[in-house]
Amino acid sequence: RRNLSSVYVAPENEIEEDCVKMWEEALGVNNIGIDDDFFELGGHSLIATQIFTEIKETFDVSVKLSQISNKPTIRVLVGIIVEELMKKI
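Note that the structure is predicted; figures quoted are calculated from it, not measured. (Residues numbered from 1 in each chain as written. Predicted model: local features only at pLDDT ≥ 70, side-chain atom pairs only at ≥ 80, totals over all residues. Heavy atoms only, no water.)

## Observations regarding the packing of aromatic side chains
Counting across every chain of the model gives two aromatic pairs. Between the aromatic rings of Trp-23 and Phe-38, the centroid separation amounts to 5.3 Å while the plane-to-plane angle is 65 degrees, which identifies the pairing as edge-to-face. Taken as a pair, Trp-23 in helix 1 (residues 14-27) and Phe-38 in the loop between helix 1 and helix 2 (45-59) lie far apart in primary sequence, 15 residues in all. In this structure Phe-38 comes out as buried when scored by relative accessible area, which is 3%. Grouping aromatic residues by their ring pairs yields a cluster made of Trp-23, Phe-38 and Phe-39. (Phe/Tyr/Trp six-rings, centres within 6.5 Å; stacked < 30°, edge-to-face > 60°. Helix = DSSP H or I, 4+ residues; strand = E, 2+ residues; numbered from the N terminus. Buried < 20%, exposed > 50% of the residue type's maximum accessible area, 1.4 Å probe, protein only.)

Here is the structure:
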């Protein structure tokens, strides 16, 4: 965490917890916070594709890297997931 520009913020709900687990497994990093930057954690497009595939399988929601490219954090990602889930109701 010492090389990251963000302060650790723990996940606050189940969707955030699920996404943190996905990122931790894909990136091989522990204690990822919801405001940590995907790219600062060592992420790249191939890992993002892996995570987005898992998101599709878990939540039945499609996410593209372009949707989070300005702020690639779990907080933003979960906002997109929730928005897409709300469209299905």
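## Regarding the packing of helix 1 against helix 2
Between helix 1 and helix 2, the shortest axis-to-axis distance is 10 Å and the interhelical angle comes to 145 degrees. Judged by the twist between their axes, the crossing of helix 1 over helix 2 is right-handed. The residues of helix 2 that touch helix 1, namely those facing Ile-15, Asp-18, Cys-19, Met-22, Trp-23, Ala-26 and Leu-27, are Ile-47, Gln-50, Ile-51, Glu-54, Ile-55, Thr-58 and Phe-59. By residue class, the composition of the contact of helix 1 with helix 2 is 10 nonpolar, two polar and two charged. (Axes fitted to C-alpha atoms, helices over the stretch in contact; angles between N-to-C directions. Left-handed = near helix turned anticlockwise from the far one by under 90°. Contact = heavy atoms within 4.5 Å. Nonpolar A, V, L, I, M, F, W, Y, C, P; charged D, E, K, R; others polar.)

## Looking at the pattern of salt bridges
Evaluated as defined, the whole model comprises four salt bridges. The partner of Lys-56 in a salt bridge is Asp-60, with the nearest N and O atoms 3.4 Å apart. In this structure, Glu-84 engages Lys-87 in a salt bridge whose closest nitrogen and oxygen atoms are separated by 3.1 Å. Placement of the pair is Glu-84 and Lys-87 together in helix 4 (residues 74-87), with a separation of three residues, close to one helical turn. Exposure remark for Lys-87: the relative accessible area of 57% places this residue in the exposed category. (Salt bridge = Lys/Arg side-chain N within 4 Å of Asp/Glu carboxyl O.)

## Considering the side chain of Thr-73
Along the chain, Thr-73 falls in the loop between helix 3 (65-68) and helix 4. A polar atom in the side chain of Thr-73 sits 3.2 Å from the backbone nitrogen of Val-76. Among all residues touching Thr-73, those that are not within four sequence positions of it are Trp-23, Ile-34, Asp-35, Asp-36 and Asp-37. (Polar contact = N/O pair within 3.5 Å; in protein donor to acceptor, adjacent residues only side chain to side chain.)

## Some details on a nonpolar patch on the surface
Together, Val-82, Met-86 and Ile-89 make up an exposed nonpolar region whose accessible area comes to about 340 Å². Along the chain, Ile-89 falls in the segment after helix 4. (Patch = residues over 30% accessible without salt bridge, like charges linked within 9 Å, V, L, I, M, F, W, Y side chains within 5 Å. Areas by Shrake-Rupley, 256 points an atom, 1.4 Å probe, with all protein chains shown as cover.)

## Description of the packing of helix 2 against helix 4
Helix-helix packing is characterised by the crossing angle of the two axes and by the distance between the axes. Closest axis-to-axis distance for the helix 2/helix 4 pair is 12 Å, and the angle between their directions is 35 degrees. Between helix 2 and helix 4 the crossing geometry is right-handed. Across the interface between the two elements, Phe-52, Ile-55 and Phe-59 of helix 2 pack against Leu-77, Ile-81 and Leu-85 of helix 4. Of the residues belonging to the contact of helix 2 with helix 4, the class tally is six nonpolar, no polar and no charged.

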